[in-house]
Structures are given as structure tokens and as C-alpha cells.
Amino acid sequence: MNSLIAVGAGIAVLGALGAGIGIGIATGKAVEAVARQPEADGKIMKNLILGCALAEATAIYGFVIAIMIIMFFR
Amino acid sequence: MEAVAEHIQEELNVQTVFTIPALGGIDVAESVVVTWIIMAVLILLAFFLTRGFRTRNISKRQAAMEVMVTKLLSMTETMVGEEGAAYVPYLTTVLLYIGVANIIGIFGFKSPTKDLNVTLALALMSIILVQAAGIRAKGIKGWLHSFVEPIAIVTPFNILDLVTRPLSLCMRLFGNVLGAFVIMKLIEQVLPVVLPAVFSVYFDLFDGLLQAYVFVFLTSLYIKEAIE
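Predicted model only: the values in this text are computed from it and were never measured.

Draft legend 1. Representation of the overall build of chain B. Looking only at helices and strands, chain B has seven helices and two strands in total. Going from N to C terminus, chain B has its helices and strands arranged as α-β-β-α-α-α-α-α-α. Projected onto its principal axes, the C-alpha coordinates of chain B cover approximately 60 × 55 × 45 Å. Burial status across chain B gives 26% buried among its 228 residues.

Written as C-alpha cells, this is what we have:
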């Protein structure tokens with residue numbers, strides 16, 4: 001049972017994959033945008049932080065669910 | 001490894017410090033006490049740093065404080081926009097509180113934001129403020145009408161937003177602080193010297209302040225959306 005819980009928690013954290021890809025794409029595009037228009041630096045930065053925070057949420061949900069699996073099923 | 005798991009588990013549990021003997025006993029949790037400490041520090045700082053202000057011939061301390069306050073206020077003001085200027089003091093206060101709460105772990109206290117109840121309370125405060133701002137700006141009728149915008153078919157999703165928004169605000173802050181904490185504990189296990197100090201700058205300081213910024217940023221975004 002204990003090992004199954006560990007496997008379950010590990011699978012829940014797989015959600016981090018999506019966040020990694022998402023933030024990677026967002027940052028890549030932001031760098032492109034800054035290269036094209038360096039004067040819009042501040043605005044791009046703000047939007048990038050917002051986008052990253054939203055994309056990161058999926059990874060955080062995965063993490064929170066993993067912790068909950070470990071906490072409540074033991 | 002057993003010891004680490006036990007230590008982390010112990011840190012996750014929110015202990016009751018003492019019980020107020022009234023109304024059948026009110027439990028005062030550790031996070032509440034740390035919040036009181038943060039409040040005391042912020043209030044004392046605000047009190048002593050603002051003594052003896054003058055309009056002419058200002059001291060260095062006054063100049064520094066004025067720059068700091070102006071910077072913080074203008075930061076939240078650019079987020080919420082000019083129409084939401086009334087909400088700037090609240091947002092700045094929340095920013096200061098979450099910022100201090102996230103990095104107070106460095107000084108040996110247990111971060112209040114590592115307690116799900118605290119982040120949930122902050123998220124509920126935010127969503128109530130957003131709805132109140134909507135009602136204040138548009139009136140009850142306009143606020144109710146905002147649920148059927150842009151078309152009637154999205155009404156269920158608009159209502160669902162009332163639940164998912166605070167939930168995601170709460171979980172994001174809690175998960176980030178908890179995640180940073182667990183990673184720091186694991187790093188300490190790998191190498192207890194030098195290495196944790198380097199990572200602590202990112203996980204404790206940078207991530208803590210960034211999450212405070214993100215929380216306030218999202219709240220002000222919702223307010224902006226509600227009042228326009």
C-alpha cells in the first residue's frame with residue numbers, strides 16, 4: 001500500500017511537465033518580443049510574470065495533490 | 001530519510017499554541033501568533049520610521065521612507081489602474097504582509113502562508129473585495145448583469161469563476177511556499193553547508209517576494225475586470 005501511495009504521488013507531480021513546457025514557450029516568445037521591441041521591456045515583463053504564474057499553477061496543483069495523497073492515505 | 005519525512009510532516013502540521021478560555025475555548029494556531037508578530041513588526045516600523053516628519057528641510061530617513069512608500073503605491077496603482085485607486089492601500093498592505101510572511105522563514109519562524117487556512121482566508125478576502133468592487137462600480141443590477149456577459153451561455157462559467165479564482169489564488173500561494181520549503185529541507189539533507197544558502201536566495205527570498213507580487217497582481221487584475 002505504501003509503495004502504491006508513493007507511485008500515486010509521483011504520477012500527480014507529472015503535471016509539472018505541462019508547466020515546464022508552458023513557461024518555456026512563454027519565456028521564449030517574451031525574449032523574441034524584447035529582441036524585436038526593446039522599448040516595450042516593462043510591459044512584456046509584466047505579462048510574462050502573469051503568464052508564468054498562471055502556467056505554473058498546474059504544476060502547483062500537481063504538487064499539492066501529491067502532498068495530499070501522502071498526507072491523507074497513510 | 002525517515003527522519004526527514006517525519007521532520008517535514010511535523011512542520012506541516014499547524015500546532016495550537018494556546019487556547020483562549022472563552023466561548024468554549026478558541027484555539028490560537030501557530031500561524032496566527034506569527035501573523036501577530038509580523039503585524040507588530042510592521043506597525044512598530046511604520047510608527048518609529050515616521051516620527052518627526054517635516055515639510056521643509058527633511059531628514060534622510062524621511063526621504064527614504066517617502067521614496068519607499070511612493071514606489072510601493074505606484075507599483076500597485078499601475079496594476080489596478082486609475083479607476084481602482086481606492087483599492088491601492090488594501091493591495092499594498094496585502095503585498096507587504098504576504099511578502100514578509102513568505103520570507104519570515106529565514107528568521108526561524110514558521111511562515112503563516114505555509115498554513116492552508118491563512119492563504120484561504122487571504123483568497124476569500126480578495127474575492128469578496130472583487131465582488132464588492134464590482135457592486136460599488138456598477139450597482140447591484142450591473143453586477144448581476146456582468147454574469148451574463150459577453151453572452152448568456154457563459155453564465156455557469158462566470159459563476160464557477162467565483163469558486164475557482166479564490167481556490168487557485170489560495171493553492172498557488174500555499175503550494176509555492178510549501179514547495180520551496182520542502183525543496184530547501186531536501187537540499188539541507190544533501191549538503192548542510194554553503195549550498196542551502198545559495199538556493200535560499202532563490203527559493204526563500206526571490207520566490208517569496210514574487211509570489212506576493214503575483215497574488216496582488218492577480219487580485220488587482222480581477223478588480224480591474226470587475227469595475228470596468
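Draft legend 2. Broad picture of the overall build of chain A. Along chain A, the regular secondary structure elements total three helices and zero strands. Secondary structure elements in chain A, listed N-terminal to C-terminal, are α-α-α. Reported as C-alpha extents along the three principal axes, the dimensions of chain A are approximately 55 × 15 × 10 Å. Here chain A, with 74 residues, has 16% of them falling under the buried criterion.

Draft legend 3. Just the packing of helix H2 (residues 16–36) of chain A against helix H3 (residues 41–72) of chain A, in detail. All names here are of chain A. Here H2 crosses H3 at 175°, and the two axes come no closer than 8 Å. As the angle between them shows, H2 and H3 are arranged roughly antiparallel. Within the contact between the two elements, H2 uses Ala 16, Gly 18, Ala 19, Gly 22, Ile 23, Ala 26, Thr 27, Ala 30, Ala 33 and Val 34 and H3 uses Asp 41, Ile 44, Leu 48, Gly 51, Cys 52, Ala 55, Glu 56, Thr 58, Ala 59 and Gly 62. Considered class by class, the residues forming the contact of H2 with H3 number twelve nonpolar, six polar and two charged.

Draft legend 4. Main features of the interface of chain B and chain A. The interface is formed by eleven residues belonging to chain B together with nine residues belonging to chain A. Secondary structure elements with two or more residues in the side of chain B that touches chain A: helix H6 (155–190) and helix H7 (195–227) of chain B. The greatest single-element share of the side of chain B that touches chain A, amounting to eight residues, is contributed by H6 of chain B.

Draft legend 5. Summary view of helix H4 (residues 88–103) of chain B. Residues and elements named next belong to chain B. Between its first and last C-alpha atoms H4 spans 23 Å; for 16 residues at 1.5 Å apiece the expected length is 22 Å, and the two agree. For H4, the set of buried residues is Leu 91, Val 94, Leu 95, Ile 98, Val 100, Ala 101 and Asn 102. Contacts from the buried residues of H4 go to helix H2 (30–49), helix H3 (60–80), helix H5 (116–145), H6 and H7.

Draft legend 6. Expanded view of the nonpolar core. All names here are of chain B. With 46 residues, the main nonpolar core has Phe 174, Phe 215, Val 216, Leu 218 and Ile 223 as its most contacted residues. Tallying contributions element by element places H7 first for this core, with ten residues. Contacts of Val 216, omitting those with residues within four sequence positions, involve Thr 76, Met 79, Leu 91, Val 94 and Leu 95.

Draft legend 7. Structural view of H2 of chain B. Here H2 of chain B spans 28 Å end to end across 20 residues, near enough to the 28 Å set by a 1.5 Å rise per residue. Against strand S2 (26–29), H4 and H5 of chain B lie the buried residues of H2 of chain B.

Draft legend 8. Expanded view of the confidence of the model for chain A. Overall, the prediction assigns chain A a mean pLDDT of 88, with 100% of residues at 70 or greater. Ranking the elements of chain A by mean pLDDT puts H3 of chain A last with 85 and H2 of chain A first with 92.

Draft legend 9. Spatial organisation of the environment of Asn 57 of chain B. The residue Asn 57 of chain B is located in the loop between H2 and H3 in this model. In this structure the C-alpha to C-alpha distance between Asn 57 of chain B and Ile 127 of chain B, which are 70 residues apart in sequence, comes to 44 Å.

Draft legend 10. Quick look at unusual backbone geometry. All names here are of chain B. The residue Asn 57 is not glycine, and still its phi comes out positive at about 55°. Note on Asn 57: 6 C-beta atoms within 10 Å, which makes it exposed. In this model, Val 194 sits at a positive phi of 60°, which is unusual for a non-glycine residue. Tracing the backbone through its elements, the reader meets Val 194 in the loop between H6 and H7. Looking at Val 194, the number of C-beta atoms within 10 Å reads 7, which means it is exposed.

The rules behind the values
Residues numbered from 1 in each chain as written. Chains lettered and ligands numbered in written order. Predicted model: local features only at pLDDT ≥ 70, side-chain atom pairs only at ≥ 80, totals over all residues. Helix = DSSP H or I, 4+ residues; strand = E, 2+ residues; numbered from the N terminus. Buried ≥ 20, exposed ≤ 12 C-beta atoms within 10 Å, placed from the backbone. Axes fitted to C-alpha atoms, helices over the stretch in contact; angles between N-to-C directions. Parallel < 35°, antiparallel > 145°, perpendicular 65-115°, else oblique. Contact = placed C-beta atoms within 7 Å. Nonpolar A, V, L, I, M, F, W, Y, C, P; charged D, E, K, R; others polar. Expected span 1.5 Å × (residues − 1). Core = buried A, V, L, I, M, F, W, Y, C linked by C-beta atoms within 7 Å. pLDDT = per-residue confidence, 0-100.

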